[in-house]
Structure formats: structure tokens, C-alpha cells
Amino acid sequence: MTDHFKTMGQQFGRRSWAEPWKIKMVEPLTMTDRPYRQSAMQEAGYNTFLLRSEDVYIDLLTDSGTSAMSDRQWAGMMLGDEAYAGSRNFYHLEEAIQTHYGYRYVVPTHQGRGAEHLLSQAMIKPGQFIPGNMYFTTTRLHQELAGGTFVDVIIDEAHDPQNMHPFKGNVDLDKLQDLIERVGAGNIAYISLAGTVNMAGGQPVSMENVRLLRDLCDRYGIRIYLDATRMVENALFIQEREEGYAGKSIAQILKEFCSYTDGAWMSAKKDNLVNIGGWLAVNHNDLFEELRNMVVIYEGLHTYGGLAGRDMEAMAIGIVEAVQDDHVRSRVGQVRYLGQLLLDWNIPIVQPVGGHAIFLDARSFYPHLSQDLFPAQTLAAELYLDSGIRSMERGVVSAGRDPETGDHRYPKLELTRLTIPRRVYTQAHMDVVAESVKAVYDARQQTRGLKLVYEPKYLRFFQARFEPIED
Ligand SMILES: Cc1ncc(COP(=O)(O)O)c(C=O)c1O
């Protein structure tokens, strides 16, 4: 053996850690060759969302609903109480949310966007503004469909993929105050705060920032609602980077952070370790009454919200597992391992590495491709062609069109996301992914880009189709 072969721990100058779980059941993967992948990609219109999952080797499309559930969660599913009303699993879920997130009232929904829909309809009056720390696709669309306008008030550093600010998800309080003074507090529906910020690369918000945000909002009587989808990952960054939090547990940090907000919506398919589910939780009784009434129209009765009893049980158990420090450290540690390999090979990625994914900086990857040639979409297609790895575009395609002008929105960040499902892949899978990214990077000069040939009206990135640009 050569003397430069190093374990992960040795590479980082510390003792190695391993995942705090062992594998009890496996799912075989399909191996394909390049000609096969070429025809699959063509059939999918060069959109990784349109590939069949059977044709994918390592699936890093999303960490949404793709986590491996624990044996305890599966056992919990057998205890599903499938009563139409008052299922015992709803009360378990309610208790888990109250205990770990600290909000008073809980409304289950089928997934995150179900919760976004209800909150947007209940809180936004047409013509109002919703400031937030960078947009998220479904969140902003629901805000717009309710007649509101999203305004980005994230700090400028978030738009720079190389800026090493430790809390790139922070709200720029001056930008927010300017907006409030310009439009008037009565025209702000609420603050849409996300922890971590998905579109910025999984970047966290500091405790200090949310505390100051609370003070500012109290002065103007504005409520804060939190997208808590990946808040436990945000809590880990606070523990690691913010003074005074090193000795606090993830669970304590999570609860303190939530205490500065008036409620939260959740895609439980992420942090909460389930394949389907979501929830809304709020502190104001009048809003709760409204949401509880609306959920019956759009999702299901207020004690199931579109979910089976077994789904709510798995979620209640998942919430408890999700706030364990060992779990969060190993989850984010795996993301960092992949990021570090790519950084060592000088491959451009968003830094600091965020909580749930590595975001390849497609602009720097393909400096010769303008955004009209969809560099991030191209990179996702090339990665699949190289190795069968599936990733996702987070750039001009995801940003969609301006509803007023109909033009593409050109976001500063043009990214391809390698999203790591929780408790699913091993370190060896990460090595394979890193090598594939390097192979595509080494061949970058030959890449020509894509043209858009079909575009749906809403959330176009899911179903748009492309063709390669020929020489
Ligand atoms: C930050 C964030 N908010 C909300 C959602 C929407 O949740 P769902 O996919 O469960 O509808 C997602 C899902 O990707 C997300 O990442």
C-alpha cells in the first residue's frame, strides 16, 4: 500500500467518524452504459426530472422524500391509526412538533407546498409584499398566486458563490427596513424566512440575525414565518460557527431559533426523514382557525391533512431522530466530504459548503456558455451521460419568467445541485460522484449548451424539454 493513501479522518487531521446507523435492507441499483444513457437523456428532453428512476445509478436529484427511514419509523407505520378523524398518530405528530419546534398549533399537510398554499392564501392580501431571504420556487409561486410580490432581502454575499461569509442566509436588515419604509408596514404580509436557504446553496441564518429580525419586526408589528424544511441543518451551523452555541444541542438551538418566529411551514420530506408529508405550525389562534378551516378544502380533515395515519407516525418518530446531534453531524459531514474532494481538485462549487447539497457553479464551470444556453441544465445532462448520476438545475430554468414582462429571470447564481439524500448513500458513492464531476469538468471545453424546445406555464424546470446545440 502506498503511504499517501489516507482515511477520511486523516485527510482532515482528526479521527474518522462513520454513519450512526447500519444497513438492514438494500435496494439494488441499475448500472448502464453511455449509449443507453444517451438515448434515455434524449427521451427525457435533457431534463433530469423526466428520466425514469430505474435508469439512474446514483440519484442526487433531491433530498426530498428520498431519505431512508429507520427501523423504528417502519415499525411506527404498522401502528397507523387510519381513522378519518382524530387519529392517534396526529396527536403524536402534534406533540413532536410542539416539543421540538415549540409552536402552539399544528396543521398537517400532504407536503411542503400544501402548507405554503394555505399560509399564502391566509396571510397575503393582493398587492402586498413578502420579503424573504432569497426565493424558493414553490414558495414564491404560492405567494404570487395569492396576489403578493416576493422581495429578496438576503445579504449580498449570498449571491456570490465564492464568498466565505459563515451565515450567507442572513437577512439584510437595512434592505428590509428600507422596503418597510418605502411601502409601509401594512403592505408587508409577513417575512418569509428560510433556514437553511436552499437556492443560495444550503446556507444558514445566524441566531443573532433572527433575533435582530424579531426586534425589527416587533417595531413594525410584522410577523415572521419560517420555512423550517432544513432547520436542523441550520442549527448545526449555528452550533459550529456562532459564539455561545458550541455547548448547546441541535434540539436546543432549533427550539430557540423557532422561538423568534411566529410559526413555520415544513416539507417533512427533508429534515423530518419521511418519504411524504408536511405541516404548518403557528402561534396565533386566529390564523390557526383560518388554516384549520382551509385545510379541509384543499388537503383533508385537520387531523390528517392529506396524509395516512402511518405517515404521521413515521413523521413524529422522524422528528425525534432528526434532532439528534450525531445524525445531523454525519449527514452534513457526508456533504462536506464530497465538497472537499471537489475543492481539492479546483472544481468550482458554492462555498462554504451548505447543509444538504453540493452546488456546482455552472457559470465558472462553463464560462463560454451564456445563461441563454442553460449552463446548469447542460451540466446536469452531462453528469448523467458520464456516469448515470442524476442532479438538478438551479439557475435560469428554475428562476422561470417574470410574470410582468414574460422574460427569463436571470439569477446571479447558475448552479447544478448534487443533493445528498439522508442515510442512503455511502462514502464510496461520494467518491464515484466526485470522479464523475471531475471527468465532466475535464471535458468542459467541448460542451455546447442546450436550447429550450418546450416550456410549461408553472414551475417550468420540472417538465421543460431541451435539445443540444449542434456545432
Ligand atoms: C426550502 C424548501 N421549501 C419548500 C419546499 C417545498 O416542499 P415540497 O416539495 O414538500 O412541496 C422545498 C422542496 O423542495 C424546499 O426545499
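Residues numbered from 1 in each chain as written. Predicted model: local features only at pLDDT ≥ 70, side-chain atom pairs only at ≥ 80, totals over all residues. Heavy atoms only, no water.

S.K.: So what about the overall build of the chain? Which residues, and what values?
M.R.: Helix and strand content of the chain: 17 helices and 14 strands. Scaling as 2.2 N^0.38, a compact globule of 471 residues should have a C-alpha radius of gyration of about 23 Å, and the chain matches this with 22 Å. Here the C-alpha coordinates of the chain stretch approximately 60 × 55 × 45 Å along the principal axes. Per-residue burial for the chain yields a buried fraction of 58% across its 471 residues. If you sum the accessible surface of the chain, you get close to 19800 Å²; carbon and sulfur atoms cover 50% of it. In the chain, which carries 48 positive and 61 negative side-chain charges, the distance between the mean positions of the two groups comes to 1 Å. (Helix = DSSP H or I, 4+ residues; strand = E, 2+ residues; numbered from the N terminus. Rg over C-alpha atoms; globule rule 2.2 N^0.38 Å. Buried < 20%, exposed > 50% of the residue type's maximum accessible area, 1.4 Å probe, protein only. Areas by Shrake-Rupley, 256 points an atom, 1.4 Å probe, with all protein chains shown as cover. Lys, Arg positive; Asp, Glu negative; His and termini not counted. Charge placed at Lys NZ, Arg CZ, Asp CG, Glu CD.)

S.K.: Before we move on, can you summarise the nonpolar core with the specific residues and values?
M.R.: Core analysis: the biggest nonpolar cluster contains 61 residues, and Y101, L193, L213, L226, F257 and W279 have the highest contact counts within it. If sequence neighbours within four positions are ignored, L193 has contacts with N133, V171, V205, V210, L213, I224, Y225, L226, D227, F257 and T261. Grouped together as the second largest cluster of nonpolar side chains are 31 residues, A362, L379, L383 and Y441 included. (Core = buried A, V, L, I, M, F, W, Y, C linked by side-chain atoms within 4.5 Å. Contact = heavy atoms within 4.5 Å.)

S.K.: Which residues make up helix α15 (residues 375-387), and what values do they have?
M.R.: Helical periodicity: at 3.6 residues per turn, an α-helix aligns residues three or four positions apart in one direction. Along its 13 residues, α15 runs 19 Å from first to last C-alpha, staying within 8% of the 18 Å computed at 1.5 Å per residue. Within α15, 11 of the 13 residues are buried, leaving the element largely enclosed by the surrounding structure. Regarding α15, the residues found buried are P375, A376, Q377, T378, L379, A380, A381, L383, Y384, L385 and S387. Trailing α15 by a residue or two, G388 shows a phi angle of about 85°, which is positive. (Expected span 1.5 Å × (residues − 1).)

S.K.: Kindly report on the pattern of salt bridges, identifying the contributing residues and their values.
M.R.: Tallied over the full model, the rule gives 25 salt bridges. A salt bridge links R423 to E321; the nearest nitrogen and oxygen atoms lie 3.0 Å apart. Within this pair, whereas R423 is found in the loop between β12 (415-419) and α17 (427-442), its partner E321 is found in helix α12 (residues 309-322), the two being separated by 102 residues in sequence. Side by side, R423 and E321 carry an identical accessibility label, which is buried. (Salt bridge = Lys/Arg side-chain N within 4 Å of Asp/Glu carboxyl O.)

S.K.: Hey, could you go over unusual backbone geometry for me, with residue numbers and the actual values?
M.R.: Cis peptide bonds are those with omega within 30 degrees of zero, and the linkage from G195 to T196 qualifies with -10°. Checked against the element boundaries, T196 lands in the loop between β5 (191-194) and α8 (207-220). Unusually for a residue other than glycine, M134 sits at a positive phi of about 75°. One can find M134 in the loop between β3 (129-132) and α6 (137-145). Using a relative accessible area of 9% as the deciding quantity, one classes M134 as buried. Here R423, not a glycine, exhibits a phi torsion of approximately 65°, which is positive.

S.K.: Can you lay out the site of the ligand for me, pointing to particular residues and giving the numbers?
M.R.: Neighbouring the ligand are 13 residues; Q111, R113, D227, S267 and K270 lie closest to it. In this structure, Q111 approaches the ligand through a side-chain N or O atom, which is 2.8 Å from an oxygen atom. A distance of 2.9 Å is found between an oxygen atom of the ligand and a side-chain nitrogen or oxygen belonging to N198. Contact with the protein chains covers 94% of the free accessible surface of the ligand, which is 390 Å². Among the elements that line the shell around the ligand, the one with the most residues is helix α5 (residues 112-123), at three residues. Here the shell around the ligand is composed, by residue class, of one nonpolar, six polar and six charged. (Near = heavy atom within 4 Å. Polar contact = N/O pair within 3.5 Å; in protein donor to acceptor, adjacent residues only side chain to side chain. Nonpolar A, V, L, I, M, F, W, Y, C, P; charged D, E, K, R; others polar.)

S.K.: I'd love a proper account of the sheet that holds strand β11 (residues 392-394), names of residues and values included.
M.R.: Ordered by their spatial adjacency, three strands build an open sheet running β9-β12-β11, and the pairing between neighbours is antiparallel. Two strands in the sheet have a free side with no partner beyond their single neighbour: β9 (357-361) and β11. Strand-to-strand, the axes of this sheet are offset by a mean angle of 35°, without reference to chain direction. With five bridges connecting them, β9 and β12 associate as antiparallel partners. Paired with F359 across the bridge in β12 is R417. Its contacts with the sheet place helix α13 (residues 325-344) against β9 and β12, and it is angled at close to 25° to β9. On top of the sheet, α15 reaches β9, β11 and β12; it is set at about 40° to β12, its chief contact. (Pairing = 2+ DSSP bridges. Axes fitted to C-alpha atoms, helices over the stretch in contact; angles between N-to-C directions.)

S.K.: How would you summarise the pairing of β9 if you had to cite specific residues and measurements?
M.R.: Within β9, five of the five residues are buried, which leaves the element mostly enclosed by the surrounding structure. Side chains A357, F359 and D361 project from β9 onto one buried face, and the interleaved I358 and L360 project onto a second face that is buried too.

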